[in-house]
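Coordinate inspection notes
Here are the chains, one letter per residue:
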Amino acid sequence: MTDYRVEKDSLGEVKVPKDVYWGAQTQRAIENFPISGEVFESGFIRALGVIKKSAAKANGELGFLEQKVVEAIVLAADEVISGELVDQFQVDVFQTGSGTSSNMNANEVIANRACEIMGEDIGSKVIHPNDHVNFGQSSNDIIPTAMHVSALESIDKEVVPALEILKSALEKKEKEFSGVVKTGRTHLQDATPITLGQEFGGYKTQIEKGIKRLENVRSSLAELPIGGTAVGTGLNMHPEFPKIASKYISEETGISFREAIDHFEAQAAHDAMSEAHAALRVVAGSMNKIANDLRLLASGPRNGLGEIKQPENQPGSSIMPGKVNPTQCEAVTMVCVKVIGNHNGITMAGSHGHFELNVFKPLIIHNILQSIHIMADSAKSFANYCVKGLKADKKRIKTLLDNSLMLVTALTPHIGYDNAARIAKNALKNNTTLKYEALKSKLIKEKDYDKIVDPKKMIYPE
């Protein structure tokens, strides 16, 4: 049998497990929302700790909290920030749309731990979850503030470094493959020559631009809704509180945060979150394109393109011996589909800011942090277990290049488009070479053909 203690809230008494730090409101939420079993990621919990610590310091500076109360709250919040109390946050993601349950979860855990630090009993409310930890705050401004803080911290610490690793791996392949001339392809059909290095350079630039897109959302995410309290008016809050709290949040995170320009916009809409995830969605599209290209280039090994050889990380089939599949590419593409799906959810959720409050806050931050986490991990895995081990099959590449009918494009300025097209079609129809049909047409001499139709001269402007 579990031992309980009895705590009270505005609705009455609630039995709470004796060995936890949460209180009555959190317990009600745990019981009321047995929906998915999914709780918030640690980055969001950390952000709540950062905000509660900064709010306590701001309220102490403004003279609203005694110094001993501030010190106890700060110590308790530090344990939330470090992850020591992450198991105390068990409210389901799918809860009240304002995230009030999670805000109160933070308030109660920090208040009870602070009471314990001061030598008082858990549940005594010597330090009160609302009157002290939540002083000058509302769930309606604190949860979106935590959304911004956790999203920007996670972008900085997780996804950007991971994308830098992937970019570096692609850049090395760009240099390694710079001299490998191959058949280009458009519409999945043979096109004029390109180098394998140029192809990988394009992939590198996609990731490079994706990183810049993520950096461009910093300004929007750096605006914090803290200070709007219930509906954006700042009721029950000192006018200097958001500025001071933002200063402490900046010190704690090492990121320059500032008070929102318009608190009504910051709480009623989450356009900044939609903007940030839109950048992630673009990166997902880039990674999906790259992964699909690589698995097509590695298709075979005998009956596909087979221009590159992928690392043999694991057996590919339980029934076909010796088969190796592009598993890393497949994992990346699944992550990309999930991120794109998450964005659709955020787009819908962001459109439901009715009057002064958007009530899809938990879903929005859950989706964006999940996208950041899986994108970061998949980018590192893709770089380390796929891209770094890719090899060019130069023999296969040369065979395909030599058989490409689109080399005829180089003749066009000399013999005209229609004549060049006729030569290509005749070579395909007669199963002959371009050179044979070109010389047969008597439109060009052999020495000129050999000089003009040189794939190495077709990979740059001339």
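Before reading further, recall that the structure is shown in the block above.
The structure reproduced in this document is the subject of the present report. Bear in mind the structure is a predicted one, so any value in this text is a computation, not a measurement.

Things to note about the overall build of the chain
Per the secondary structure count, the chain includes 18 helices and ten strands. For the chain, the C-alpha atoms occupy an extent of roughly 100 × 50 × 35 Å along the three principal directions. For the chain, with 462 residues in total, the buried portion stands at 50%. Taking the intrachain contacts of the chain between residues at least 6 apart in sequence as the baseline, contacts between residues at least 24 apart amount to 72%. A total accessible area of about 22000 Å² is found for the chain, and carbon and sulfur atoms account for 52% of it. Between the mean site of the 53 positive side-chain charges and the mean site of the 57 negative ones, the chain shows a separation of 14 Å.

Description of the environment of P311
Structurally, the position occupied by P311 is in the loop between β7 (308-309) and α12 (327-350). C-alpha of P311 to C-alpha of N32: the two residues are 279 residues apart in sequence and 49 Å apart in space.

Here we look at a negative patch on the surface
On the surface, a cluster of negative charge is contributed by D262, E265, D271 and E275. The residue D262 is located in the loop between β6 (258-259) and α10 (263-268) in this model. The partly exposed category is assigned to D262, whose relative accessible area is 35%.

A word on the layout of surface pockets
Approximately 440 Å³ is the volume attributed to the largest pocket. A298, G300, P301, Q310 and V324 are the residues nearest the centre of the largest pocket, which is lined by 18 residues in total.

Quick word on unusual backbone geometry
Geometrically, the link from G300 to P301 is a cis peptide bond, its omega value of 10° lying close to zero. One can find P301 in the loop between α11 (271-297) and β7. Residues other than glycine seldom take positive phi values, yet H187 does so here, at roughly 60°. By relative accessible area, which is 76% here, H187 ends up exposed.

Comments concerning the packing of α11 against helix α13 (residues 361-385)
Look at α11 against α13: their axes get within 11 Å of each other, and the N-to-C directions meet at 30°. The orientation of α11 with respect to α13, classified from their angle, is roughly parallel. Crossing angle aside, the handedness with which α11 passes α13 is left-handed. Across the interface between the two elements, M273, A276, H277, L280, V283, A284, M287, I290, A291 and L294 of α11 pack against I364, I365, N367, I368, S371, I372, M375, S378, A379 and F382 of α13. For the contact of α11 with α13, the per-class residue count stands at 16 nonpolar, four polar and no charged.

Some points on the pairing of strand β1 (residues 4-9)
Two faces belong to every sheet, and in a regular strand the side chains alternate between them. Burial of the side chains of β1 is restricted to one face: R5, E7 and D9 are buried, whereas none of Y4, V6 and K8 on the reverse face is. The sheet contact formed by β1 and strand β2 (residues 12-17) spans six bridges and is antiparallel. Directly across from V6, in β2, lies its bridge partner K15. Connecting β1 to the next strand, β2, in antiparallel fashion are two residues.

Some words on helix α7 (residues 196-216)
Three- or four-residue spacings in an α-helix give side chains the same orientation, since the helix completes a turn every 3.6 residues. For α7, which comprises 21 residues, the first-to-last C-alpha distance of 31 Å matches the rise-based estimate of 30 Å (1.5 Å per residue) to within 8%. Among the residues of α7, L196, G197, E199, F200, G201, Y203, K204, I207, G210, I211 and L214 are the ones counted as buried.

Focus on the side chain of S102
Residue position: S102 is located in helix α4 (residues 100-117). Note on S102: relative accessible area 5%, which makes it buried. Ignoring any residue separated from it by four or fewer positions in sequence, one finds S102 in contact with F40, L48, V91, Q95 and I143.

As for the nonpolar core
F44, V159, M287, L294, I368 and F382 are the most contacted members of the largest nonpolar core, which totals 108 residues. In terms of residue count, the dominant contributor to this core is helix α6 (residues 139-176) (15 residues). Setting aside anything within four residues of it in sequence, one finds I368 in contact with A151, M273, A276, H277, L280 and I346. Core analysis: the second largest hydrophobic core is formed by 19 residues, L401, L407, A410 and A427 among them.

Some thoughts on the packing of aromatic side chains
Counted by the stated rule, this structure contains four aromatic pairs. One aromatic cluster is present, built from ring pairs that chain together F177, F200 and Y203. Directly above the ring of Y248 sits K247, whose terminal nitrogen or CZ lies 4.5 Å from the centroid.

Comments concerning the side chain of H343
Tracing the backbone through its elements, the reader meets H343 in helix α12. H343 has contacts with S274, H277, A278 and R281, leaving out every residue within four places of it along the chain.

Regarding the pattern of salt bridges
Overall, the coordinates contain 23 salt bridges when judged by the stated rule. For K157, the salt bridge is made with E153, and the minimal N-O distance between the two is 3.4 Å. With a gap of four residues between them, K157 and E153 both fall in helix α6, about one helical turn apart. For K157, a relative accessible area of 53% corresponds to the exposed category.

Digging into the packing of α6 against α11
Packing of α6 against α11 leaves a shortest axis separation of 12 Å and a crossing angle of 20°. Of the possible angle classes, the one that applies to α6 and α11 is roughly parallel. Between α6 and α11 lies a crossing whose hand is left-handed. Side by side, α6 and α11 meet where M147, H148, A151, V159, L163, L166 and L170 of the first sit next to A272, M273, L280, V283, M287 and I290 of the second. Considered class by class, the residues forming the contact of α6 with α11 number twelve nonpolar, one polar and no charged.

What counts, and at which threshold
Each chain has its residues counted from 1, running along the sequence as written. Predicted model: local features are reported for residues with pLDDT of at least 70 only, side-chain atom pairs are reported and counted for 80 or more only, and whole-chain, interface and lining totals are derived from all residues. The basis for every side-chain value is the complete set of heavy atoms in the structure, and neither hydrogens nor water enter the calculation. Each helix corresponds to a stretch of at least 4 residues labelled H or I by DSSP, and each strand to a stretch of at least 2 residues labelled E; elements are numbered beginning at the N terminus. Only protein chains enter the area calculation, which uses a 1.4 Å probe; residues under 20% of their type maximum are buried, those over 50% are exposed, and those in between are partly exposed. Every residue pair with non-hydrogen atoms within 4.5 Å of one another is taken to be in contact. Per-residue and other accessible areas follow the Shrake-Rupley method at a 1.4 Å probe size, with only the shown protein chains counted as cover for residues. Think of it this way: Lys and Arg go in the positive column, Asp and Glu in the negative one, and His and the chain ends go nowhere. The atoms used to mark charge sites are NZ of Lys, CZ of Arg, CG of Asp and CD of Glu. Patch membership is restricted to residues that have no salt bridge and whose relative accessible area is over 30%. Joining uses 9 Å for like charges and 5 Å for the nonpolar side chains Val, Leu, Ile, Met, Phe, Trp and Tyr. By convention in these notes, a salt bridge is any Lys or Arg side-chain nitrogen within 4 Å of a carboxyl oxygen on Asp or Glu. Definitions used throughout: a 1 Å grid over protein atoms alone; a cavity as a set of points that fits a 1.4 Å probe which cannot get out; a pocket as an open set with protein on both sides within 12 Å along at least five of seven lines; a lining residue as one with an atom within 4 Å of a point. Grid points are joined across faces, edges and corners, and a volume is the space filled by probe spheres set on the points. Here an axis means a line fitted to C-alpha atoms, over the contact stretch when the element is a helix, while the angle between two N-to-C directions is reported on a 0 to 180 degree scale. Roughly parallel means an angle under 35 degrees; roughly antiparallel means over 145; roughly perpendicular covers 65 to 115; every other angle is labelled oblique. Handedness of a helix crossing follows the sense of rotation of the near helix relative to the far helix, less than a right angle counterclockwise being left-handed and clockwise being right-handed. In this classification, the charged set is Asp, Glu, Lys and Arg, the nonpolar set is Ala, Val, Leu, Ile, Met, Phe, Trp, Tyr, Cys and Pro, and all remaining amino acids, among them Gly, are polar. Here the rule is simple: two strands pair whenever DSSP picks up at least two bridges between them. Expected span, for any helix, means 1.5 Å times one less than how many residues it has. Nine residue types can take part in a nonpolar core, namely buried Ala, Val, Leu, Ile, Met, Phe, Trp, Tyr and Cys, and a core is a set of them joined through side-chain atoms within 4.5 Å. A pair of aromatic rings is counted whenever rings of Phe, Tyr or Trp (Trp by its six-membered ring) have centres within 6.5 Å, and the orientation is called stacked for planes under 30 degrees apart, edge-to-face for over 60 and tilted otherwise. Two conditions define a charge sitting above a ring: the NZ of Lys or the CZ of Arg must be within 6 Å of the ring centre, and it must be within 35 degrees of the ring normal.

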